[in-house]
Amino acid sequence: MPEGVEGVLIPHPKRYRRLLVDCAARTLDTPADAATLEAMFRLNQIKEPRDLHCVLRVLELMQPPSNFCPAGDWFYDIGPRAAGYCAALAPAPVTFMISLCNPVHLLSQAITSRAYPGIDVISPDPFNLHWAVVLRALRDSCPAVPIIAWNADEAPMIWDRILVTAVQREASFSEAATMRAARSRMNEEGSARLAQYLDSREGMPDALRAQVVSIFLKRFPRKDVVRPETVLPGWDAETQAQMDQHFAYDLKDVARIEGVTLISL
């Protein structure tokens, strides 16, 4: 659990994923009973479970291999699946929290993982993949559910703002925790230079500090967290620059969707 955040439960995915899928498929519009919820989240072990936010990692449920991108339809049928999970958890309010990465990187990871049948044979054009389309599908199927989204590359600098928006209460990383999150994505030289830079500028406003950390992350990335290699044939630096622009425009479209909060630097 992140430092400084009370009333936030992060149960282990193995405990709830299968139960949640089975419950959504079995109950349709009937919510899960109290016993099922206790089993999924171990609520019987919590002293005061009423004012509690459960953070569930459901990426694999929202994009199972068979639904990832059949015939180029990205995150196929995501709306009805999401609506089923919301119905199973009712009357508890649900918020979707989605980290958005450049579509070509997600596509490349899907191809190299070999977990998505046929995607390496008939691979969609990444320029036809739009996060705005995915999020509008969620809004259409779950119009009352708020969506919080952010650029995955900016997550270490804005995670405290993501938490505040999600749980609607004051919650923040300590400065030390923020630095650990940044250093986990930075090489040793960058970590040392960043610490020296920030130590010489005490009292820097949080917004400026986040921008500084972002600059250092881009300049001194760890080799194992550098952008994943794009495995699409004919892909080069010029195409990547065009794709980065496509992603930037896509994020602007996301920000205009009613009910979506896009958090950014």
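Residues numbered from 1 in each chain as written. Predicted model: local features only at pLDDT ≥ 70, side-chain atom pairs only at ≥ 80, totals over all residues. Heavy atoms only, no water.

Student: Is there a simple way to explain the overall build of the protein in this structure?
Tutor: Broken down by element type, the protein carries 11 helices and five strands. Taking all 265 residues of the protein together, the buried fraction comes to 41%. Considering only contacts within the protein whose residues lie at least 6 apart along the sequence, 74% involve residues at least 24 apart. Working note: accessible area of the protein is about 15,400 Å², and carbon and sulfur atoms make up 53% of it. (Helix = DSSP H or I, 4+ residues; strand = E, 2+ residues; numbered from the N terminus. Buried < 20%, exposed > 50% of the residue type's maximum accessible area, 1.4 Å probe, protein only. Contact = heavy atoms within 4.5 Å. Areas by Shrake-Rupley, 256 points an atom, 1.4 Å probe, with all protein chains shown as cover.)

Student: What should I look at first to understand the pairing of strand β4 (residues 147–151) in this one?
Tutor: Look at any regular strand and the pattern is simple: side chains alternate between the two faces of the sheet. Among the five residues that make up β4, five are buried, leaving the element largely enclosed by the rest of the structure. Side chains of β4 alternate between two faces, with Ile147, Ala149 and Asn151 and Ile148 and Trp150 buried alike. Examined bridge by bridge, β4 and strand β5 (residues 260–263) share four bridges and lie parallel to one another. Paired with Trp150 across the strands is Ile263, a residue of β5. (Pairing = 2+ DSSP bridges.)

Student: Could you clarify how one ought to interpret helix α10 (residues 206–219) in this entry?
Tutor: Residues three or four positions apart in an α-helix share a direction because the helix packs 3.6 residues into each turn. Between the first and last C-alpha of α10 there are 20 Å, a value that for 14 residues agrees with the 20 Å anticipated at 1.5 Å per step. All of the buried residues in α10 are Arg209, Ala210, Val212, Val213, Ser214, Phe216 and Leu217. (Expected span 1.5 Å × (residues − 1).)

Student: What's the story with the sheet that holds β5 in this structure? I'm lost.
Tutor: Sheet strands line up and pair through hydrogen bonds in the backbone, either parallel or antiparallel. In space, the three strands of this open sheet follow the order β3-β4-β5, with parallel pairing throughout. At either end of the open sheet lies a strand with only one pairing partner, and these are β3 (96–100) and β5. Pairs of neighbouring strands in the sheet enclose a mean axial angle of 20 degrees, with direction left out of account. In the packing of helix α6 (residues 131–141) onto the sheet, the strands contacted are β3, β4 and β5, and the crossing angle to β3 comes to about 175 degrees. (Axes fitted to C-alpha atoms, helices over the stretch in contact; angles between N-to-C directions.)

Student: How should the packing of aromatic side chains be read in this particular structure?
Tutor: Each pair of aromatic rings is reported with the distance of its centres and the angle of its planes. Counted under the stated rule, the structure contains four aromatic pairs. One aromatic cluster in this structure is built from Tyr197, Phe216 and Phe220. Just above the ring of Tyr197 sits the side chain of Arg201; from NZ or CZ to the centre is 3.8 Å. (Phe/Tyr/Trp six-rings, centres within 6.5 Å; stacked < 30°, edge-to-face > 60°. Lys NZ or Arg CZ within 6 Å of the ring centre and 35° of its normal.)

Student: Help me out: how do you make sense of the pattern of salt bridges in this one?
Tutor: Pairs may arise between side chains of opposite charge once their charged atoms sit close together. For the structure on display, the rule yields two salt bridges. Between Arg193 and Glu189 there is a salt bridge, with its nearest N and O atoms 3.0 Å apart. With a gap of four residues between them, Arg193 and Glu189 both fall in helix α9 (residues 188–199), about one helical turn apart. Given a relative accessible area of 39%, Arg193 falls into the partly exposed group. (Salt bridge = Lys/Arg side-chain N within 4 Å of Asp/Glu carboxyl O.)

Student: Got a minute to help me understand helix α11 (residues 237–255) in this structure?
Tutor: For α11, spanning 19 residues, the distance from its first C-alpha to its last is 27 Å, which sits close to the expected 27 Å at 1.5 Å a residue. Of the positions making up α11, those classed as buried are Thr239, Gln240, Met243, His246, Phe247, Asp250, Leu251 and Val254. Seen along its axis, α11 keeps its buried residues to an arc of 145 degrees; they face one direction. In α11, the exposed positions that point more than 90 degrees away from the buried face belong to Ala237 and Glu238. Buried residues in α11 make contact with β3, α5 (103–113), α6, β4 and β5. Looking at where α11 begins, the residue whose side-chain oxygen comes 3.2 Å from the main-chain nitrogen of Glu238 is Asp236. (Arc of directions from axis to C-beta. Polar contact = N/O pair within 3.5 Å; in protein donor to acceptor, adjacent residues only side chain to side chain.)

Student: Help me out: how do you make sense of the packing of helix α4 (residues 78–89) against α6 in this one?
Tutor: In helix packing, the relevant descriptors are the interaxial angle and the interaxial distance, both defined with respect to the helix axes. α6 packs onto α4 with a crossing angle of 45 degrees between their chain directions and a minimal axis gap of 8 Å. When the interaxial angle is binned, α4 and α6 end up oblique. Here α4 runs over α6; the crossing is right-handed. On α6, the residues that touch Ile78, Gly79, Pro80, Ala82 and Ala83 of α4 are Val134, Ala137, Leu138 and Ser141. (Parallel < 35°, antiparallel > 145°, perpendicular 65-115°, else oblique. Left-handed = near helix turned anticlockwise from the far one by under 90°.)

Student: Explanation requested: the side chain of Asn151 in the structure shown.
Tutor: Structurally, Asn151 can be placed in strand β4. A distance of 3.0 Å separates a polar side-chain atom of Asn151 from the backbone nitrogen of Asp153. Excluding its chain neighbours within four sequence positions, the residues that come into contact with Asn151 are Leu100, Phe247, Leu251 and Ile263.

Student: Would you mind going over the side chain of Thr230 with me for this structure?
Tutor: Checked against the element boundaries, Thr230 lands in the loop between α10 and α11. With a relative accessible area of 17%, Thr230 lands in the buried category. Beyond its immediate sequence surroundings of up to four residues, Thr230 is in contact with Val104, His105, Ser108, Trp235 and Gln240.

Student: How should the nonpolar core be read in this particular structure?
Tutor: What tends to happen in soluble globular proteins is that the nonpolar side chains get buried as a cluster. Phe68, Trp74, Phe96, Trp131, Leu135 and Leu138 are the most contacted members of the largest nonpolar core, which has 49 residues in total. Put simply, the parts of the chain that give this core at least two residues each are α1 (13–27), α2 (34–41), α4, β3, α5, α6, β4 and α11. A per-element tally of this core places α4 first, with six residues. One finds Met157, Ile162, Ala166 and Phe216 within the second-largest nonpolar core, a separate group that totals 19 residues. (Core = buried A, V, L, I, M, F, W, Y, C linked by side-chain atoms within 4.5 Å.)

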